[in-house]
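Chain by chain, the residues run as shown.
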Amino acid sequence: MNGSRIAAVGHYQPAKVLTNEDLAGLVDTSDEWITSRVGIRTRHIAGPDEPVDELAAHAAAKALAAAGLTAGDIDLVLVATSTAIDRSPNMAARVAARLGVPSPAAMDVNVVCAGFTHALATADHAVRAGAATRALVIGADKMSEVTDWSDRTTCVLVGDGAGAAVVEAAAPGNEPGIGPVLWGSVPEMGHAVRIEGTPPRFAQEGQSVYRWATTRLPAIARQACERSGLAPEDLAAVVLHQANLRIIEPLAAKIGAVNAVVARDVVDSGNTSAASIPIAFSKLVERGEISTGGPVLLFGFGGNLSYAGQVVRCP
């Protein structure tokens, strides 16, 4: 019951990059309009031959390699996604098959933009309970496939990609590397962020989400720190869901993490939903912007007006 830790992380984004200037050729918009409202300059877009499970498998393979492990070391695969078009086989099973993971428990977690932090908490609980030894936790979404590319209020936001973490038991006598989760939702406001219809399409009530994120969430994020026994000023980094720079910056400021690196990957990647936190975290680790063992707040929020956050130790 020593808890769990993140052994390694990895991320993957498609090669195609869509700029704001490219979007200006599709809809009535401009680079100035987009950057002033959401802070996004580019996003990666998957092709028709790049399904969600392929994005997820690439990210997971990188995390496994970074951890010095193989697919045979994994007994739990969790994929957080809201863009799985097929109902069965689920994304986790498809990823496990691509990687060659033998007989894992394989589950999808659909909490939209808060999916990765929900899945990370689920993996932590499974390892703590002895139900899993090592888990692959993946956030992967292909938002371009559920986007109306004639709607300038949503098409400027989205990107595709995947990020992954390997979760394993903390060494005996060591402190847990994944802190207690604080999670919840406002289900009666679920209509504020939607992926509905046939074919499914992404829509949101932007002002409602902005007000909720900037006024209600700072106190909740601070509580997530408190559950780990830390004050916000103790954090080495803050990785929030990469929804919109106009949400990320005021939310980070209100949390009070004055000494922390704040992830701003939304500028280059757009909103990749469940993939946004693990992609941004993996990039910070890859660039050496967080020291090993440094405390990092991961905080997801969005669809269902759900949220989940925990403090983790940097691998």
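Residues numbered from 1 in each chain as written. Predicted model: local features only at pLDDT ≥ 70, side-chain atom pairs only at ≥ 80, totals over all residues. Heavy atoms only, no water.

Asker: Just to check I follow, could you spell out the overall build of the chain for this structure?
Answerer: The helix and strand tally for the chain stands at 11 helices and 14 strands. A compact globule built from 315 residues should have a C-alpha radius of gyration of about 20 Å, and the chain, at 18 Å, falls within 12% of that. Principal-axis analysis of the C-alpha atoms gives the chain an extent of 60 × 40 × 40 Å. When the accessible surface of the chain is split by element, carbon and sulfur atoms take 49% of a total near 12,200 Å². With 25 positive and 32 negative side-chain charges, the chain shows a spacing of 3 Å between the two charge centroids. (Helix = DSSP H or I, 4+ residues; strand = E, 2+ residues; numbered from the N terminus. Rg over C-alpha atoms; globule rule 2.2 N^0.38 Å. Areas by Shrake-Rupley, 256 points an atom, 1.4 Å probe, with all protein chains shown as cover. Lys, Arg positive; Asp, Glu negative; His and termini not counted. Charge placed at Lys NZ, Arg CZ, Asp CG, Glu CD.)

Asker: Would you mind showing me how to read the packing of helix H3 (residues 52–67) against helix H4 (residues 91–99) here?
Answerer: Two quantities define a packed helix pair, namely the angle between the axes and the distance from one axis to the other. One can describe the packing of H3 onto H4 by two numbers: an axis separation of 9 Å at closest approach and a directional angle of 55°. Here H3 is positioned oblique relative to H4, judged by the angle of their axes. Read as a crossing pair, H3 and H4 show a hand that is right-handed. Two secondary-structure elements touch here, H3 through Val52, Asp53, Glu54, Ala56, Ala57, Ala60 and Ala61 and H4 through Met91, Arg94, Val95, Arg98 and Leu99. (Axes fitted to C-alpha atoms, helices over the stretch in contact; angles between N-to-C directions. Parallel < 35°, antiparallel > 145°, perpendicular 65-115°, else oblique. Left-handed = near helix turned anticlockwise from the far one by under 90°. Contact = heavy atoms within 4.5 Å.)

Asker: Looking at this structure, I do not really get unusual backbone geometry. What am I missing?
Answerer: Most of the time, phi is negative for any residue but glycine, and the peptide bond is trans. A cis amide bond, omega 0°, links Ser88 with the succeeding residue Pro89. Checked against the element boundaries, Pro89 lands in the loop between strand E4 (76–80) and H4. Residue Thr198 is joined to Pro199 through a cis peptide bond whose omega torsion reads 0°. The residue Ser103 is not glycine, and still its phi comes out positive at about 45°. Note that Ser103 resides in the loop between H4 and strand E5 (105–109). Looking at Ser103, the relative accessible area reads 75%, which means it is exposed. With a phi close to 50°, Val112 is a non-glycine residue in the positive phi region. Within the secondary structure, Val112 is located in the loop between E5 and helix H5 (115–129). (Buried < 20%, exposed > 50% of the residue type's maximum accessible area, 1.4 Å probe, protein only.)

Asker: Teacher, can you tell me more about the side chain of Asp124 here?
Answerer: Along the chain, the position of Asp124 falls in helix H5. Here the side chain of Asp124 touches Ser4 through a polar contact of 2.6 Å, side chain to side chain. Setting aside chain neighbours within four positions, we find Asp124 in contact with Ser4, Ile178 and Gly179. (Polar contact = N/O pair within 3.5 Å; in protein donor to acceptor, adjacent residues only side chain to side chain.)

Asker: Can you help me understand the sheet that holds E5 in this one?
Answerer: Where strands meet in a sheet, backbone hydrogen bonds hold them as pairs that are either parallel or antiparallel. Reading across the sheet, the 5 strands line up as E1-E7-E6-E4-E5 and stay open at both edges, with mixed pairing between neighbours. The open sheet has two edge strands with one neighbour each: strand E1 (4–12) and E5. Averaged over all neighbouring strand pairs, the angle between strand axes comes to 15°, with direction disregarded. Examined bridge by bridge, strand E6 (residues 134–142) and strand E7 (residues 160–169) share 9 bridges and lie antiparallel to one another. When the sheet's bridge partners are listed, Lys142 is paired in E7 with Asp160. Contacting E1, E6 and E7, helix H11 (residues 276–286) crosses the sheet at an angle of about 95° to E1. (Pairing = 2+ DSSP bridges.)

Asker: What is the right way to read the confidence of the model for the chain from this model?
Answerer: Low pLDDT marks regions whose predicted coordinates should not be analysed in detail. Averaged over all residues, the pLDDT of the chain is 97; the fraction at 70 or higher stands at 100%. At the low end of the mean pLDDT range in the chain sits helix H7 (residues 206–215), at 95; at the high end sits E4, at 99. (pLDDT = per-residue confidence, 0-100.)

Asker: How should I be thinking about the sheet that holds strand E13 (residues 295–302) in this particular structure?
Answerer: The 5 strands are arranged E8-E14-E13-E11-E12 in an open sheet whose pairing can be described as mixed. Single-partner strands in this sheet number two, and they are strand E8 (182–185) and strand E12 (261–262). In this sheet, strand E14 (residues 306–313) lies alongside E8 in antiparallel orientation, the contact comprising 4 bridges. Counterpart to Leu182 in the pairing with E14 is Gly309. Where H5 meets the sheet, its contacts fall on E8, E13 and E14, and the angle it forms with E14 comes to roughly 55°. Where H11 meets the sheet, its contacts fall on strand E11 (237–240), E12, E13 and E14, and the angle it forms with E11 comes to roughly 150°.

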